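Examining the three-dimensional arrangement
Here is how the chains run, residue by residue.
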Amino acid sequence: MARLLVVDDDPDARRRMDLRGLPVIGLTAKAQMAPAAEQKLLGVQAYLTKPVSAETLLQTVQETLQAARPLLPSGNQALEIACGESWPGSAGEFLASALAAALAAHAPTFLIDVEGLGRGALIFDLEPHLTVEDLEVGRDPAQGLIPVREQLHVWSVYGRPSPVAVQQVAERLASQAGFMVWMVGDPIGSVAASIFPRCLRIFFAFESHGPGMRRARLVLRQLEGLDLRSPRVWPIWVRRWAVPEPWTETEIQNRLGGVPIRVWPVDPVTAHRALQDGQPIQEVEPESPTAHRIREWAEEILELARGRRAP
């Protein structure tokens, strides 16, 4: 049975853990309908002004459920996203967990950590269920899934799985979710190379210090060698607040050979709080620029998903 949430002047209801993943219709006594931009900000699919007729409410419910249906599980392969980082500590794990949590509000989502060392689970203050040795002796990869909340699971292991093991994980899990977000760490390693061809979009986070920029250029060349480039590849400049930047966005883009980049403003204090609390970074400060950017990118991915799954 399809589920839907009608919110009656309760702005906090959308953030309740037990209501995540439901399509939302806002019902309010405000005199004016919210513009599309405000609806997107509030995270609602429709917005009605009271009083509303039974016919209008019913039609809105039907249209909202119909719009959400293409993203519900249908037995098809999951749409896959990859997140890496050009330099250790470039917020790749923050980006992967943030995107997974945002997508899980719309469809069942797995955050798959093949970077090793259990980082995918640890970021949610969880412990991995499997080791690399478990995979090598034939243990079912699905046993590594850890529920985080409704529609969001994290899969994480101690150790660094081989490309063969990663493909086994992909084959076992790809039909069970709407989205799989791969947390690959090193975007030019052999594991990442085995995953990227599967993915709808490839994010990699980089910072503008010298080593980060040099390795970002190397990552782009490596991806081009795999015939992966913009718009499928999204370089994400992690613009840390309160840290002096030697170059502008345009200068950074030019230093990467003119490849389009996206800017993610990350407040180090918010990032620290996310680690302390074991939750996605955008949920620490839901109205921050960091959170707004994640919602924008998640919405772009959702639009791609709707296009892929349209009848």
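Residues numbered from 1 in each chain as written. Predicted model: local features only at pLDDT ≥ 70, side-chain atom pairs only at ≥ 80, totals over all residues. Heavy atoms only, no water.

A word on the pairing of strand S7 (residues 145-149). Sheet topology note: the S7/strand S8 (residues 152-155) ladder contains 4 bridges and is antiparallel. Its bridge partner lying in S8, Ile146 is registered against Val154. Linking S7 back to S8 in an antiparallel pair, the connection comprises 2 residues, with Gln151 at a positive phi of about 75 degrees. (Pairing = 2+ DSSP bridges. Helix = DSSP H or I, 4+ residues; strand = E, 2+ residues; numbered from the N terminus.)

Moving on, we get to the environment of Gln176. In this structure, Gln176 sits in the loop between helix H6 (163-173) and strand S10 (179-185). Sequence spacing of Gln176 and Phe110 is 66 residues, and the spatial spacing of their C-alpha atoms is 8.8 Å. Leave out the neighbours within four places in its chain, and Gln176 touches Phe110 and Leu145. Only 3.1 Å separates the side chain of Gln176 from the backbone oxygen of Arg172, close enough to count as a polar contact. (Contact = heavy atoms within 4.5 Å. Polar contact = N/O pair within 3.5 Å; in protein donor to acceptor, adjacent residues only side chain to side chain.)

This brings us to the state of the cysteines. Enumeration according to the criterion identifies 0 disulfides in this entry. With no disulfide of its own, Cys83 has Cys199 as its nearest cysteine by sulfur position, at a separation of 9.0 Å. Take Cys199: its relative accessible area is 3%, and that puts it in the buried class. (Disulfide = S-S within 2.5 Å. Buried < 20%, exposed > 50% of the residue type's maximum accessible area, 1.4 Å probe, protein only.)

This part covers the pattern of salt bridges. Under the counting rule described, the total for this entry stands at 17 salt bridges. In this structure, Arg172 engages Asp140 in a salt bridge whose closest nitrogen and oxygen atoms are separated by 2.8 Å. Taken together, the positions of Arg172 in helix H6 and Asp140 in the loop between helix H5 (132-136) and S7 put the pair 32 residues apart, joining distant regions of the chain. In this structure, Asp227 engages Arg229 in a salt bridge whose closest nitrogen and oxygen atoms are separated by 2.7 Å. If you follow the salt bridges from partner to partner, you end up with Glu85, Glu93, Glu115 and Arg119 in one network. (Salt bridge = Lys/Arg side-chain N within 4 Å of Asp/Glu carboxyl O.)

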